[in-house]
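# Fold and geometry: a report
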Amino acid sequence: MKRRPLAVWRARRALIEGARPTIELVAQASGCSERNLAAIAEREGWRLDRAPEDEIGAKVRAVAGMLLERVEAAGRSALENGGNINKSEIDALSQLIRSLNGLIGLGGDARSQQIAREKQIRRDEDRAAILMRVNERIVELAQELAGKMAEGNLRQ
């Protein structure tokens, strides 16, 4: 299958920017066929089921939202039933909340914040490298201009 250069570069960019590394995307970025790459992955036992950390954070937030809704519903139900609480439901919700708390840490969603900081640092480093190259080129051009002016070769 012939790959277009633009598609290859788009696939590479997607991977660099954090897209989920599917067999299809990696094949496109590397120039391998999907079938060949899938065979290699299976033979070597690649872990293809891992979710990026950003996705895990989103899933944890979604589960936390559902748990909050269930806790609120249990509270409303207790008020409607004259303060009678379903102990087994409360115990189950409590256990789920403790498990979820273990996933996100005691400080809240600290892992997603750390990931966001790391991505920002990488973007800042990339921008700094680009600005450094631009600055170096400006200095080179200024030196060339100064040399020509000193030699009197510059037409006015």
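The structure displayed is predicted, hence computed values, not measured ones.

## A few points about the overall build of the protein
Along the protein, the regular secondary structure elements total six helices and zero strands. The order of α-helices and β-strands along the protein, N terminus first, is α-α-α-α-α-α. When each of the 156 residues of the protein is scored for burial, the buried share is 11%. Put simply, 42% of the contacts in the protein that link residues at least 6 apart link residues at least 24 apart.

## Quick look at the confidence of the model for the protein
Put simply, the protein has an average pLDDT of 79, and 83% of its residues get 70 or more. When mean pLDDT is compared element by element in the protein, helix H3 (residues 34-44) scores highest at 88, while helix H5 (residues 87-104) scores lowest at 76.

## Topic: the pattern of salt bridges
Counted according to the given criterion, the structure contains two salt bridges. Between arginine 127 and aspartate 124 there is a salt bridge whose closest N-O contact spans 3.7 Å. Taken as a pair, arginine 127 and aspartate 124 lie in helix H6 (residues 110-151) at a separation of three residues, close to a single helical turn. The partly exposed category is assigned to arginine 127, whose relative accessible area is 48%. Among the residues examined, aspartate 124 registers a relative accessible area of 38% and is labelled partly exposed. The salt bridge partner of arginine 137 is glutamate 140, with a shortest N-O separation of 3.1 Å. Of this pair, arginine 137 and glutamate 140 both sit in helix H6, three residues apart, which is roughly one turn of the helix. Relative accessible area serves as the criterion here: at 40%, glutamate 140 is assigned to the partly exposed category.

## Considering a nonpolar patch on the surface
Together, Ile130, Val134 and Ile138 make up an exposed nonpolar region whose accessible area comes to about 260 Å². Looking at the element boundaries, valine 134 is found in helix H6.

Rules used throughout
- Residues numbered from 1 in each chain as written.
- Predicted model: local features only at pLDDT ≥ 70, side-chain atom pairs only at ≥ 80, totals over all residues.
- Heavy atoms only, no water.
- Helix = DSSP H or I, 4+ residues; strand = E, 2+ residues; numbered from the N terminus.
- Buried < 20%, exposed > 50% of the residue type's maximum accessible area, 1.4 Å probe, protein only.
- Contact = heavy atoms within 4.5 Å.
- pLDDT = per-residue confidence, 0-100.
- Salt bridge = Lys/Arg side-chain N within 4 Å of Asp/Glu carboxyl O.
- Patch = residues over 30% accessible without salt bridge, like charges linked within 9 Å, V, L, I, M, F, W, Y side chains within 5 Å.
- Areas by Shrake-Rupley, 256 points an atom, 1.4 Å probe, with all protein chains shown as cover.

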